[in-house]
Amino acid sequence: MLGSGSAGNSALVATDHCKILIDGGLSARQIVLRLEQCSVLPEQLDGVLLTHEHGDHVCGLEVLCRKLDVPIYANSQTAEAVRCGCSLEQHRNWRIFRTGADFAICDITVQTFPVPHDAVDPVGFAFYAGSTSLGFVTDLGYATKMIVERLRQVHTLVIETNHDEKLLQNDIHRPWPVKQRIQSRHGHLSNSAAANVIEELLPGKVDRVVLGHLSRDCNTPELALQTVRDALKKCGKIDIEVFCAAQSEVSPQFRIGETTRGHFSRRLKTHFFPQHERSDGDSQVAAEVCDKTGNENS
Ligand SMILES: [Zn+2]
Ligand SMILES: [Zn+2]
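Residues numbered from 1 in each chain as written. Chains lettered and ligands numbered in written order. Predicted model: local features only at pLDDT ≥ 70, side-chain atom pairs only at ≥ 80, totals over all residues. Heavy atoms only, no water.

Peer 1: What is the right way to look at the coordination of the zinc ion (ligand 1) in this model?
Peer 2: Each donor-metal-donor angle in an ideal tetrahedron of four donors is 109.5 degrees, and each such angle in an ideal octahedron of six donors is either 90 or 180 degrees. Listed as protein donors to the zinc ion (ligand 1) are D56 (OD), H57 (NE2), D139 (OD) and H213 (NE2); their distances from the metal cover 2.1 to 2.2 Å. For the zinc ion (ligand 1), the four donor atoms are set out with angles of 90 to 163° between them, so the coordination reads as irregular. Ordering the donors of the zinc ion (ligand 1) by residue number gives the pattern D-H-x81-D-x73-H. The zinc ion (ligand 2) is placed at 3.4 Å from the zinc ion (ligand 1), the two being bridged by D139. Separated by 157 residues along the polypeptide, D56 in helix α2 (residues 55-58) and H213 in the loop between β11 (208-212) and α9 (221-234) bring together distant segments of the chain. Each member of the pair, D56 as well as H213, carries the same accessibility label: buried. (Donors = N, O, S within 2.8 Å, 3.2 Å for Na, K, Ca; no water. Tetrahedral: all angles 85-135°; square planar, octahedral: opposite > 155°, others 65-115°. Helix = DSSP H or I, 4+ residues; strand = E, 2+ residues; numbered from the N terminus. Buried < 20%, exposed > 50% of the residue type's maximum accessible area, 1.4 Å probe, protein only.)

Peer 1: Can you walk me through the packing of aromatic side chains in this structure?
Peer 2: Both the distance between ring centres and the angle between the ring planes are used here to describe each pair of aromatic rings. In this structure the tally under the stated criterion is four aromatic pairs. Summarising the aromatic geometry, the rings of F243 and F254 are spaced 5.2 Å apart at their centres and angled 70° between planes, so their arrangement reads as edge-to-face. With F243 in strand β12 (residues 241-244) and F254 in the loop between β12 and α10 (283-297), the pair connects residues that are 11 residues apart, well separated along the chain. With relative accessibility at 24%, the residue F243 sits in the partly exposed group. Assessed through its relative accessible area of 22%, F254 is described here as partly exposed. Ring pairing ties together the aromatic residues Y73, F97 and F103, which thus form one cluster. Over the face of the ring belonging to Y142 we find R185, whose NZ or CZ atom lies 3.7 Å from the ring centre. (Phe/Tyr/Trp six-rings, centres within 6.5 Å; stacked < 30°, edge-to-face > 60°. Lys NZ or Arg CZ within 6 Å of the ring centre and 35° of its normal.)

Peer 1: Whenever I open this one, the packing of helix α8 (residues 191-201) against α9 confuses me. Can you help?
Peer 2: How two helices sit against one another is set out by the angle between their axes and by the gap between those axes. The interhelical angle for the contact between α8 and α9, taken along N-to-C directions, is 35°, at an axis separation of 9 Å. You can see that α8 and α9 cross each other, and the crossing is right-handed. Across the interface between the two elements, N191, S192, A195, I198 and E199 of α8 pack against L223, A224, T227, V228, A231, L232 and K234 of α9. Looking at the contact of α8 with α9 residue by residue, the classes come out as seven nonpolar, three polar and two charged. (Axes fitted to C-alpha atoms, helices over the stretch in contact; angles between N-to-C directions. Left-handed = near helix turned anticlockwise from the far one by under 90°. Contact = heavy atoms within 4.5 Å. Nonpolar A, V, L, I, M, F, W, Y, C, P; charged D, E, K, R; others polar.)

Peer 1: Would you explain the coordination of the zinc ion (ligand 2) in this entry?
Peer 2: With distances of 2.2 to 2.4 Å, the protein atoms coordinating the zinc ion (ligand 2) are H52 (NE2), H54 (ND1), H117 (NE2) and D139 (OD). Bound by four donor atoms, the zinc ion (ligand 2) shows angles of 90 to 170° at the metal and therefore irregular coordination geometry. Taken in chain order, the donor set of the zinc ion (ligand 2) reads H-x1-H-x62-H-x21-D.

Peer 1: Honestly, the sheet that holds β11 in this entry has me stumped. Any pointers?
Peer 2: To summarise the sheet geometry, strands pair through backbone hydrogen bonds and adopt either a parallel or an antiparallel arrangement. What the seven strands build is an open sheet, ordered β6-β7-β8-β9-β10-β11-β12; its pairing is mixed. One side of each edge strand has no neighbouring strand; the edge strands of this open sheet are β6 (102-105) and β12. On average, each strand axis in the sheet is tilted by 20° relative to the strand beside it, whichever way the strands run. Note: strand β9 (residues 132-137) against strand β10 (residues 156-160), four bridges, orientation parallel. Pairing of L134 across the sheet is with T156, part of β10. α8 rests against β10 and β11 of the sheet, and its axis sits at about 155° to β10. (Pairing = 2+ DSSP bridges.)

In structure tokens form, the structure reads like this:
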């Protein structure tokens, strides 16, 4: 996690062959600096995946992509919302997916699914590589049955613990409508709501939980960790690792599992658009086809 919280979100998912940025909600400068701390240059990114268009997930993207022709993966509505009125309209390397679609970026299979949140078409992700997987859900009002099913196979889960319900209720700075929005079914998960989702996943494969997207005023890492640890203890699952990501610093790197080392054929990239697959594996062609598809959808 390069940084996570109500003020900005960005994460790096990597294998030996592939580096994907999830969201670009820190300043471009911070994204570059924090990638550097992970020994990654921006030019090495194989893609930027967007969950939704809110500023705390995309605010650094425009500057980051000014000099960087990195593919940006988003569904058409999110892409349109992000592109609107900024220089990202000129960015040539958009890759539009349909929410619910699976696709490959190098050796990572990305599964997308809708999440309930007050954005145009917000998504969560499950990543599969080798024998291991990672679930990624931030910004959701509640977990639908489909979300729980999608996350049942994952080993590491990134989930938001946005607020402590009491701290939010007692907060004197937020007007009532804002509190209602946060607590609504299209808002954010509280600590205890996230703990309930994690409990639902316990018959699955999850062995590590990373908490994120904490509200600066209405939560603390201690409260989030305690709520989730208490829930796990209640279920007799004390062996599950729980970590809370911070806003201001890069989290430790979590090794999720093994993927195949050695040579990897970049041609797999074109699996993103199997119907347009070309024998030369030209990803730029795929990107152009993708742009067209996106426009047709809008
Ligand atoms: Zn957010
Ligand atoms: Zn949001």
